[in-house]
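What follows is each chain in one-letter form.
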There are 2 protein chains.
Amino acid sequence: MSETKENAPWVTFRPEIKVLDCTVRDGGLINNHLFEDDFVKAVYDTAIESGIDYMELGYKASKTQFARKEHGDWKFCDEDSMRRVVGDNDTKLKLTAMADAGKTDYKTDILPAEQSVLDCIRVATYAHQIPTAVEMIKDAHDKGYETCCNIMAISTVADPEIDKALEILAETPVETIVVVDSYGSLYHEQIRALVKKYVTMANATGKEVGIHTHNNMQLAFANTIEAIIQGANRIDATMLGLGRGAGNCPMELLLGFLKNPKFDLRPVFKLLQDHLMPMRRTKEWGALIPYVVTGLLNQHPRAAMRVRTTEEKNQFLEFYDACTTEA
Amino acid sequence: MSETKENAPWVTFRPEIKVLDCTVRDGGLINNHLFEDDFVKAVYDTAIESGIDYMELGYKASKTQFARKEHGDWKFCDEDSMRRVVGDNDTKLKLTAMADAGKTDYKTDILPAEQSVLDCIRVATYAHQIPTAVEMIKDAHDKGYETCCNIMAISTVADPEIDKALEILAETPVETIVVVDSYGSLYHEQIRALVKKYVTMANATGKEVGIHTHNNMQLAFANTIEAIIQGANRIDATMLGLGRGAGNCPMELLLGFLKNPKFDLRPVFKLLQDHLMPMRRTKEWGALIPYVVTGLLNQHPRAAMRVRTTEEKNQFLEFYDACTTEA
């Protein structure tokens with residue numbers, strides 16, 4: 001959107017924008033997806049009532065790689081688990097699951113679309129796994145799903161590599177390619193450059209661009225807005241920003257920003273008070289200082305997650321020194 | 001900064017940028033400025049060690065309007081109070097105090113600069129008080145201070161009124177005019193438009209533009225970045241974002257973003273762990289949902305501050321309904 005052409009564009013809305021709730025999928029990374037059904041059902045009902053377009057129920061993780069008993073049902077999204085909560089999902093809400101490249105037995109575990117309550121498969125991949133992701137996209141597409149590709153940790157990928165990945169994905173049937181700031185380390189000028197690059201490819205091939213941010217530097221929402229301004233039409237968010245480490249773009253802020261009358265904030269506030277605030281009593285997420293540090297340094301948050309489980313969790317200076325001096 | 005002219009501008013730095021710490025002044029609004037001297041001293045020492053340019057010690061509030069015994073020394077910034085902590089301030093750090101239009105006996109309480117440890121007086125004003133602010137600016141300037149004008153609650157002021165205020169301030173000796181998003185309700189496109197407007201005036205008159213944000217929608221840091229991109233060179237922040245309601249732009253994020261080697265994050269992390277985290281145990285601030293609601297609605301946060309003191313503090317839907325339906 002050009003500021004010279006549009007006057008106060010934030011007052012209106014772009015009908016093409018679709019919102020995806022990934023509370024259960026991304027949020028499940030803080031509790032091994034051990035959510036009770038009533039929580040998943042509450043998010044599902046809220047997504048429907050508030051006009052959200054997609055809900056991601058979890059991962060399609062490999063049962064040979066991930067122990068069934070250490071993880072909740074939403075790590076695997078078996079058909080019977082999902083239907084226990086959503087029935088046949090006879091609603092406008094589309095359902096997605098994420099399949100991680102190299103961590104899913106997609107050939108067997110992803111059923112033909114007509115046998116599944118899922119509408120869309122989102123393939124998550126690091127840049128070096130693009131060929132695997134391409135096979136997964138084709139598999140899901142051939143099975144009848146809408147498909148999406150999330151290239152993770154994009155802040156660590158060199159520009160020529162991104163260009164090549166986009167060039168390869170352009171040749172696939174994937175409908176949406178998502179800019180993913182896994183480390184929460186990008187400023188909005190960087191988001192702008194990335195989204196512009198993705199949109200250029202997308203415009204040429206009839207695809208859409210998505211955005212998925214993390215909140216290490218309290219920029220998840222702002223970077224999401226910037227991506228929207230630059231033309232991203234598929235927007236990820238989670239309720240109260242629930243998510244691993246610093247968490248994600250908060251749904252309540254996103255829906256407050258989007259002016260499409262189809263969205264309703266009221267069911268979201270109800271969910272936050274009834275389900276997310278109680279969860280806050282035992283689970284921690286948000287832009288705590290160790291996550292700020294890894295975000296600033298463009299590092300994976302795992303060191304920050306680790307320190308938050310120790311007695312030294314608030315020894316910020318020691319943590320910063322460790323992150324900036326270790327080999 | 002034009003993205004077509006500059007490649008990766010965030011890698012470099014603009015030496016003109018100066019950072020102002022207003023932890024004690026703005027943070028004091030959550031405790032009536034009842035800080036212990038050792039806290040103020042710790043912030044002062046940290047500001048010096050981390051290369052911060054200005055520190056705001058508090059308000060110059062009228063003692064006839066504000067009861068001395070209900071407020072801490074930093075509400076009034078008497079010379080002896082300040083010197084108890086900073087001595088003669090024989091450092092590079094410049095010291096400021098804020099004087100609210102209509103709430104200060106500036107003629108008597110602001111001493112001639114040569115008798116004060118303060119270097120700068122920041123006049124805070126609502127748009128309708130500009131003539132009072134102009135008199136205060138002239139008074140402080142004539143007494144030998146650097147001066148600054150913070151036009152508060154700018155998100156509620158109509159454009160022609162802002163234009164007129166800037167036109168009037170352009171004629172004064174004020175060195176800096178600050179864009180103040182008191183309600184934390186502006187998106188970065190709006191910040192961009194406002195800062196551009198201020199910068200146009202400032203460039204024409206040799207003044208500088210400042211930015212002061214609040215974090216209701218988790219946009220304080222992002223909007224500060226946007227203001228910097230658009231040419232603001234005087235940047236307000238507070239340690240751990242301490243401040244009334246949702247708080248302010250966090251200093252630790254700001255210094256992490258600014259690449260000028262004169263800034264050092266390490267003393268800031270030490271202050272956070274030793275002083276701000278302990279304060280968090282008894283004081284509340286941050287982008288809690290009631291502050292999100294007032295931010296979204298461009299309302300003063302007072303209703304949100306009130307509800308946070310009640311049993312209904314997490315009844316978000318009820319609060320949202322009250323804010324959207326009351327007359």
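Residues numbered from 1 in each chain as written. Chains lettered and ligands numbered in written order. Predicted model: local features only at pLDDT ≥ 70, side-chain atom pairs only at ≥ 80, totals over all residues. Heavy atoms only, no water.

Residue and element names in this part refer to chain A. Strand order in the closed barrel formed by eight strands is E1-E2-E3-E4-E5-E6-E7-E8, and the pairing between neighbours is parallel. Each adjacent strand pair in this sheet contributes to an overall mean axis angle of 25°, direction not counted. With six bridges connecting them, strand E4 (residues 120-125) and strand E5 (residues 146-151) associate as parallel partners. When the sheet's bridge partners are listed, alanine 124 is paired in E5 with asparagine 150. In the packing of helix H5 (residues 130-142) onto the sheet, the strands contacted are strand E3 (94-100), E4 and E5, and the crossing angle to E4 comes to about 175°. (Pairing = 2+ DSSP bridges. Helix = DSSP H or I, 4+ residues; strand = E, 2+ residues; numbered from the N terminus. Axes fitted to C-alpha atoms, helices over the stretch in contact; angles between N-to-C directions. Contact = heavy atoms within 4.5 Å.)

Another point: the interface of chain B and chain A. Accessible area lost during the coming together of the parts is what is often quoted as the interface size. Facing 43 residues of chain B, the contacting portion of chain A comprises 43 residues. Taken together, chain B and chain A are joined by two salt bridges. As a salt-bridge pair, arginine 266 of chain B and aspartate 321 of chain A come within 2.7 Å of each other at their nearest N and O atoms. At the boundary of chain B with chain A, the tally comes to 12 residue pairs in polar contact (both at pLDDT 80 or more). Elements with a minimum of two residues in the side of chain B that touches chain A: helix H7 (188-205), helix H8 (220-229), helix H9 (251-257), helix H10 (266-280), helix H11 (289-296) and helix H13 (316-325) of chain B. Top contributing element to the side of chain B that touches chain A by residue count: H10 of chain B, with six residues. Along the lines of polarity and charge, the residues of the side of chain B that touches chain A split into 25 nonpolar, eight polar and 10 charged. (Salt bridge = Lys/Arg side-chain N within 4 Å of Asp/Glu carboxyl O. Polar contact = N/O pair within 3.5 Å; in protein donor to acceptor, adjacent residues only side chain to side chain. Nonpolar A, V, L, I, M, F, W, Y, C, P; charged D, E, K, R; others polar.)

On to the domain arrangement of chain A, then. All names here are of chain A. Domain annotation for chain A reports domain 1 (9-280) and domain 2 (289-325). A separation of 26 Å is found between the C-alpha centroids of domain 1 and domain 2. Contacts between domain 1 and domain 2 engage 11 residues on the former and 10 residues on the latter. Carbon and sulfur atoms supply 60% of the area that domain 1 and domain 2 bury against each other, a total of about 880 Å² over both sides. Interface area lost by domain 1 to domain 2 is led by Tyr183, Asn216 and Arg244, which between them contribute 52%. At the boundary of domain 1 and domain 2, one finds zero salt bridges. At the junction of domain 1 and domain 2, the tally comes to four residue pairs in polar contact (both at pLDDT 80 or more). Of the residues assigned to the side of domain 1 that touches domain 2, the class counts are four nonpolar, six polar and one charged. (Domains from an automatic or database assignment. Buried area = accessible area lost by both parts, 1.4 Å probe.)

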